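Coordinate inspection notes
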Amino acid sequence: MLPTSRRRCVEGYAIVSRDGMLANAAGVMPASLMLEADQRFFEHGLDSVDVVVHGRHSHERQPRSALRRRLILTRQVAGLAADPSGAKALFWNPAGASFEQALAAIGTPNERVGVIGGTDVFERFLDHYEVFHLSRAPNVQLPGGRPVFSEVPTRTPEEVLAAHGLHPGQPQMLDAATGLAVVSWLRSSGP
């Protein structure tokens, strides 16, 4: 089960190619998607979260990455297990432990959770994001790549977010020279 507390804010962070991919066909994020302006936006966002959630093959590659608490989703453990490479990291198998159990094990505070992928991880939280920051690199195309959501390319990432109750904010230009922009998709608070 995922968080239901109104105090917890789950935020997604992804940069995708023009065709909605976050990695190439080998599952590796290419240098063409590691754009400096987006990396600054990404690092600034992660500096404000309490816990980072990602899959075994997703990485931040930021100077302060090792300082952050993190839950690493994997099927390689039964429920929860310490990550021997980092004192602030915990392996989490959602089939064996709930999100609340994982957050309790990693410690507090955990009011702001940053989700950084991959595909399965992004999808696990689709109905729980308060905000999803979607950056688009319009000059990059990754045919046969790994999509941000499994429905891509049948649907665009934006259509998937809208189908899960998120609404686009105003685009923020990160780099005018490359056309790189981010749109923060927000969950409406309801009537």
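Residues numbered from 1 in each chain as written. Predicted model: local features only at pLDDT ≥ 70, side-chain atom pairs only at ≥ 80, totals over all residues. Heavy atoms only, no water.

1. A few points about the overall build of the protein chain
Put simply, the rule reads: Helix numbers and strand numbers start at the N terminus; a helix is a DSSP run of H or I with at least 4 residues, a strand a run of E with at least 2. Taken over C-alpha atoms, the radius of gyration is set against a globule rule of 2.2 Å times the number of residues to the power 0.38. Note on exposure labels: buried denotes an accessible area under 20% of the residue type's maximum, exposed denotes more than 50%, and partly exposed covers the range between, all computed with a 1.4 Å probe on protein chains only. What makes two residues a contact is simply this: any of their non-hydrogen atoms within 4.5 Å. Calculation of accessible area relied on Shrake-Rupley with a 1.4 Å probe; when residues are assessed, cover is drawn exclusively from the protein chains displayed. We score Asp and Glu as negative and Lys and Arg as positive, and we do not count His or the chain ends. Here the site of a charge means NZ on Lys, CZ on Arg, CG on Asp, or CD on Glu.
Tallying secondary structure elements over the protein chain gives four helices and 12 strands in all. Expected size for 191 residues packed as a compact globule is a radius of gyration near 16 Å; at 16 Å, the protein chain falls within 12% of this value. Overall, the protein chain is about 45 × 45 × 30 Å in size when its C-alpha atoms are taken along their principal axes. Of all 191 residues assigned to the protein chain, the portion counted as buried reaches 50%. Once local pairs closer than 6 in sequence are excluded, the contacts in the protein chain between residues at least 24 apart make up 60%. Entry remark: accessible area of the protein chain is about 9,600 Å², with carbon and sulfur atoms responsible for 53%. Side chains of the protein chain carry 19 positive and 19 negative charges; the gap between the two charge centres is 4 Å.

2. Remarks on the environment of Arg 187
Convention followed: Think of a polar contact as two N or O atoms within 3.5 Å of one another; within protein, one of them needs to be a possible hydrogen donor and the other a possible acceptor, and neighboring residues in sequence only count if both atoms come from side chains.
Locating Arg 187 in the fold gives a position in strand β12 (residues 180–187). Between the alpha carbons of Arg 187 and Leu 35 there is a distance of 27 Å; along the sequence they are 152 residues apart. If we skip the residues at most four places from it in the chain, Arg 187 touches Leu 126, Asp 127, His 128, Tyr 129, Glu 130, His 164, Gly 165 and Leu 166. Reaching out from Arg 187, the side chain makes a polar contact with the backbone oxygen of Tyr 129 at a distance of 2.7 Å.

3. A few points about the pattern of salt bridges
This is how it is decided: Salt-bridge detection follows one rule: a side-chain nitrogen of Lys or Arg within 4 Å of a carboxyl oxygen of Asp or Glu.
Per the counting criterion, the structure on display carries seven salt bridges. Put simply, Asp 120 and Arg 75 hold a salt bridge, and the shortest N to O gap is 3.5 Å. Taken as a pair, Asp 120 in helix α3 (residues 119–124) and Arg 75 in the loop between β4 (69–73) and β5 (80–82) lie far apart in primary sequence, 45 residues in all. The pair formed by Asp 120 and Arg 75 is uniform in burial state, with each residue classed as exposed. The partner of Glu 158 in a salt bridge is Arg 136, with the nearest N and O atoms 2.8 Å apart.

4. Some words on the pairing of β12
Cut-off, in case you're wondering: Each pair of strands is called paired provided DSSP finds at least two bridges between the two strands.
Here β12 lies mainly inside the structure; six of its eight residues are buried. Where strand β8 (residues 129–137) meets β12, six bridges bridge the pair, whose relative direction is antiparallel. Looking across to β12, one finds that Leu 134 is bridged to Val 183. Relative to β12, strand β10 (residues 166–168) runs antiparallel, the two sharing three bridges. Among the inter-strand pairings, Leu 166 is bridged to a residue of β12, identified as Arg 187. Two strands pair when backbone bridges link them, and strand β11 (residues 172–175) and β12 are joined in this way by three bridges, in the antiparallel orientation. Bridge pairing in β12 places Gln 172 opposite Val 182. Counted between consecutive antiparallel strands, the loop separating β11 from β12 contains four residues, among which Gly 179 sits at a positive phi close to 75°.

5. Some remarks on the packing of aromatic side chains
Condition: Aromatic rings from Phe, Tyr and Trp, taking only the six-membered ring of Trp, are treated as a pair when their centres fall within 6.5 Å; an angle between ring planes under 30 degrees marks them as stacked, one over 60 as edge-to-face, and anything in between as tilted.
Using the criterion set out here, one finds nine aromatic pairs in the structure. Ring centres of Tyr 13 and Phe 41 lie 6.3 Å apart, and the angle between their planes is 55°; this geometry places the pair in the tilted category. Of this pair, Tyr 13 sits in strand β1 (residues 9–17) while Phe 41 sits in helix α1 (residues 36–47), and the two are 28 residues apart along the sequence. There is no split in this pair, since Tyr 13 and Phe 41 are both buried. The interplanar angle of 40° and the centroid separation of 5.4 Å between the aromatic rings of Trp 92 and Phe 99 together place this pair among those described as tilted. The class for Trp 92 is buried, based on a relative accessible area of 1%. Classification of Phe 99 by relative accessible area gives buried; the value is 1%.

6. Regarding the nonpolar core
Formally: Within this scheme, the nonpolar core is defined by two criteria: the residues are buried Ala, Val, Leu, Ile, Met, Phe, Trp, Tyr or Cys, and they are joined through side-chain atoms within 4.5 Å.
Counting 50 residues, the largest nonpolar core has Val 53, Leu 71 and Phe 132 as the members making the most contacts within it. Counting residues per element, this core draws most heavily on β1, at five residues. Those residues in contact with Val 53, other than ones at most four positions away along the chain, are Leu 71, Leu 73, Trp 92, Phe 99, Val 113, Gly 114, Val 115, Ile 116, Gly 117, Val 121 and Phe 125.

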